[in-house]
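Survey of secondary and tertiary structure
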Amino acid sequence: GFLGVVLSSYGALSNLLVIQGTDLKQRSKMMCGLHMIYGLTSICAPLICQWLLSRGLSWAGCLLSVAGLLGAVALYVFCKIPEEAHAEEGAPPSMKLNATQGWVVLIFCLYITGEVLNSMWFVTYLVNAKSMSIGLSSRYLSAFFVCMAFTRALCFISLKESQENRLLYFCLIASMGFMVLGHCGFLWAFSLSGVLGPFFPLFLGRVSRVFHRQSKALTLWILGMGYVTLGIFHLTVGKLAMKLGIETAYRLPALLILLSVICYGVYLRKERVYLRGLH
C-alpha cells in the first residue's frame with residue numbers, strides 16, 4: 001500500500017512539473033514527451049529487471065535499487081526546482097471544481113481505467129481465454145506498450161495545435177475499434193489498441209490551458225480519482241471473470257473507452273459554453 005502511494009505521488013509530481021515548466025502552446029507536446037517516457041519505461045523496466053536477476057540480484061535488491069533512484073529524484077526536486085511565481089492577480093485557486101471541470105475528471109477516470117485494464121488484464125485474457133503461453137502473450141503486451149510509446153513520440157515530434165481535437169477523437173475511436181477486432185479473433189489488434197496512448201497527455205495539456213488557474217488542482221483530482229476508479233474496476237473485472245469468465249470480463253475496457261468518446265463529445269460543448277462565459 002505504501003509503495004502504491006509513493007509511486008502515485010511520483011506520477012502526480014512529474015505531471016505537475018511539466019505543467020509548471022512549460023508555456024501554454026507547448027504544453028500538450030511536452031506532455032506527450034513525458035508520457036512517451038512512461039511507455040518506454042514500461043518496456044525497459046522488465047528487461048532491466050531481468051538483467052539484474054540474471055546477475056544474481058534478488059527481487060528485494062531490484063526494488064531497493066529503484067527506491068534509491070526515486071529518492072535521488074525526490075532530493076533533486078526538493079533542492080533544485082524553484083517555487084512558481086504567483087504573477088496572476090485575484091484570489092488564489094482552490095481545490096474545488098466546477099461542473100465542467102468535474103466532467104473532465106469523469107472522462108479521465110473512464111479513460112485511465114479503460115487503458116490500464118486493457119493492458120493489465122491482457123496477458124490473463126490471452127492465457128486463459130486463448131490458451132496462449134505466457135511467453136508469447138507477453139510479446140503481445142510488449143507490442144501494446146511499443147505502440148503507446150510510438151504514437152506519443154509522433155505527437156511529441158510533430159503535434160500541431162490545429163490537429164489536437166482530431167487526434168483526441170482518433171485515439172479513442174481507433175483504440176476501441178482495435179479492441180473490437182481483437183474480440184473478433186484478430187489478437188494482434190489488441191496490441192494496436194495502444195494507439196490510445198496520446199489521449200491522456202493531449203487532453204491533460206488541453207484542459208490545463210482551458211482551466212489554467214486551476215490546472216494543478218485539476219491534475220491532482222484527475223490522478224487521485226483515476227486511481228480510486230481504477231481500484232474499483234480492477235475488483236469488478238476480477239469478480240466478473242470469476243462469475244462469467246475472463247472473455248466476458250475483458251470486454252469492459254472497450255466499453256469504458258466507448259463511454260470516454262461519448263463523454264468527450266459532451267465535454268466539447270461544455271468547454272465552448274465555459275469559454276464564452278469568460279469573454
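Placed above this text is the structure.
Below: a short report on this structure. (Residues numbered from 1 in each chain as written. Predicted model: local features only at pLDDT ≥ 70, side-chain atom pairs only at ≥ 80, totals over all residues. Heavy atoms only, no water.)

Moving on to the overall build of the chain. From N to C terminus, the chain includes 12 helices and 0 strands. Reading the secondary structure of the chain in the N-to-C direction produces α-α-α-α-α-α-α-α-α-α-α-α. Counting over 279 residues, the chain shows a buried share of 42%. Counting contacts in the chain only where the partners sit at least 6 residues apart, residues at least 24 apart contribute 81% of the total. About 15,000 Å² of surface is accessible on the chain, with carbon and sulfur atoms providing 71% of the total. (Helix = DSSP H or I, 4+ residues; strand = E, 2+ residues; numbered from the N terminus. Buried < 20%, exposed > 50% of the residue type's maximum accessible area, 1.4 Å probe, protein only. Contact = heavy atoms within 4.5 Å. Areas by Shrake-Rupley, 256 points an atom, 1.4 Å probe, with all protein chains shown as cover.)

Before going further, it helps to examine a nonpolar patch on the surface. The grouping of Met95, Leu220, Trp221, Met225, Val228 and Ile232 at the surface amounts to a nonpolar patch, some 520 Å² of accessible area in total. With respect to the helices and strands, the residue methionine 95 is situated in the loop between helix H3 (59–80) and helix H4 (99–120). (Patch = residues over 30% accessible without salt bridge, like charges linked within 9 Å, V, L, I, M, F, W, Y side chains within 5 Å. Salt bridge = Lys/Arg side-chain N within 4 Å of Asp/Glu carboxyl O.)

The subject of this paragraph is the nonpolar core. Counting 57 residues, the largest nonpolar core has Val104, Phe108, Phe203, Val207, Ile222 and Tyr267 as its most contacted members. Examining the composition of this core, we find that 10 residues originate from one element, H4, more than from any other. Apart from residues lying up to four places away in sequence, phenylalanine 203 is in contact with Val104, Ile107, Phe108, Leu168, Tyr264 and Tyr267. (Core = buried A, V, L, I, M, F, W, Y, C linked by side-chain atoms within 4.5 Å.)

Looking now at helix H7 (residues 164–183). Given a rise of 1.5 Å per residue, 20 residues ought to cover 28 Å, and the 29 Å separating the end C-alpha atoms of H7 matches this to within 8%. Those residues of H7 lying buried are Glu164, Leu168, Cys171, Leu172, Ala174, Ser175, Met176, Met179 and Gly182. (Expected span 1.5 Å × (residues − 1).)

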